[in-house]
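# Structure at a glance
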Amino acid sequence: SGLISTIDTQLAMTQQLGFLTGTMGVVFGLVLLVISIVSFVALYWLWKMKKLGWKVVMLLEIINLVLSLIQFNYIGLIIPAIIVIYLWMKKDLFK
């Protein structure tokens, strides 16, 4: 009786953990989907030389820089830094 209740408890905990893991995967996937769509639209606006595209891409790249700093990913700083510097130098071209 004790062994069966222990197995039932472990099974219930495993099922709850599986539900949580699946839910987190869906949430993470949706967040990535939204970020991807925003990035795609912002890059289109950037291509069309729109000021809003410049602002959104700058915001996304600065967030990328901050996250790289927090994670001590110094190699990951290089490309976003180049993008931010380049866009900052060309900001007068965007209308």
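Now for a quick tour of the structure. Predicted model, so just to flag it, every value in this text is computed and none were measured.

Bringing the overall build of the protein into the picture now. Within the protein one finds 3 helices and 0 strands. Element order for the protein, N to C, with α for helix and β for strand: α-α-α. Here the protein holds 95 residues, and 16% of them are scored as buried. Contacts in the protein between residues far apart in sequence, at least 24 positions, make up 43% of those at least 6 positions apart. If you sum the accessible surface of the protein, you get close to 7700 Å²; carbon and sulfur atoms cover 77% of it.

Glancing now at the packing of aromatic side chains. Tallied over the entire structure, the rule returns 3 aromatic pairs. With a centroid separation of 6.2 Å and an interplanar angle of 70°, the aromatic rings of Tyr-44 and Trp-47 are classed as edge-to-face. Residue Tyr-44 and its partner Trp-47 are located together in helix α1 (residues 2-47), separated by 3 residues, close to a single helical turn. A relative accessible area of 42% places Tyr-44 in the partly exposed class. A ring pair is formed by Phe-72 and Tyr-74, whose centres lie 6.4 Å apart and whose planes are at 65°; its orientation type is edge-to-face. Of the residues examined, Phe-72 reaches a relative accessible area of 60% and is grouped as exposed. A cation over an aromatic ring shows up here: Lys-51 above the ring of Trp-54, its NZ or CZ 4.6 Å from the ring centre. In this structure, Lys-91 packs its charged tip against the face of Trp-88, placed 3.7 Å from the ring centre.

A separate point is the environment of Trp-54. Tracing the sequence through the fold places Trp-54 in helix α2 (residues 51-70). In this structure Trp-54 comes out as buried when scored by relative accessible area, which is 8%. Sequence-wise, Trp-54 and Trp-88 are 34 residues apart; in three dimensions their C-alpha atoms are separated by 9.0 Å. Residues within four places of Trp-54 in sequence aside, it is in contact with Leu-46, Leu-87, Trp-88, Lys-91 and Phe-94. Within the local environment of Trp-54, its side chain forms a polar contact with the backbone oxygen of Leu-87, the two atoms lying 2.8 Å apart.

This part covers the side chain of Ser-68. Mapped onto the elements, Ser-68 comes out in helix α2. A residue is classified by how much of its surface remains accessible, and Ser-68, at 5% relative accessible area, is buried. A polar contact of 3.5 Å, which involves the side chain of Ser-68, links it to the backbone oxygen of Gly-76. With residues up to four places along the chain from it excluded, the contact list for Ser-68 reads Asn-73, Gly-76 and Leu-77.

Conventions we followed
- Counting from 1, residues in each chain are numbered in the order their sequence is written.
- Note on the predicted model: pLDDT of at least 70 is required for a residue's local features to be given, and 80 or more for side-chain atom pairs to be given and counted; whole-chain, interface and lining totals, by contrast, use all residues.
- Values reported for side chains reflect all heavy atoms of the structure, with hydrogen atoms and water molecules removed beforehand.
- Numbering of helices and strands starts at the N terminus; helices are DSSP runs of H or I of at least 4 residues and strands are runs of E of at least 2.
- For the exposure calls, accessible area comes from a 1.4 Å probe over protein chains only, and a residue counts as buried if that area is under 20% of its type's maximum, exposed if over 50%, partly exposed in between.
- Only heavy atoms matter for contacts: two residues are in contact if any of them lie within 4.5 Å across the pair.
- What sets the accessible areas is the Shrake-Rupley method with a 1.4 Å probe; for residues, cover comes only from the shown protein chains.
- Stacked, edge-to-face and tilted are the three classes for Phe, Tyr and Trp ring pairs, Trp counted by its six-membered ring, which pair at centre distances within 6.5 Å; planes under 30 degrees apart are stacked, over 60 edge-to-face, the rest tilted.
- By definition here, charges over rings are those cases where NZ of Lys or CZ of Arg is within 6 Å of the ring centre and within 35 degrees of the ring normal.
- As used in this structure description, the phrase polar contact means that two N or O atoms lie within 3.5 Å; if the pair is within protein, one of them must be able to donate a hydrogen and the other to accept it, and residues adjacent in sequence are counted only when both atoms belong to side chains.

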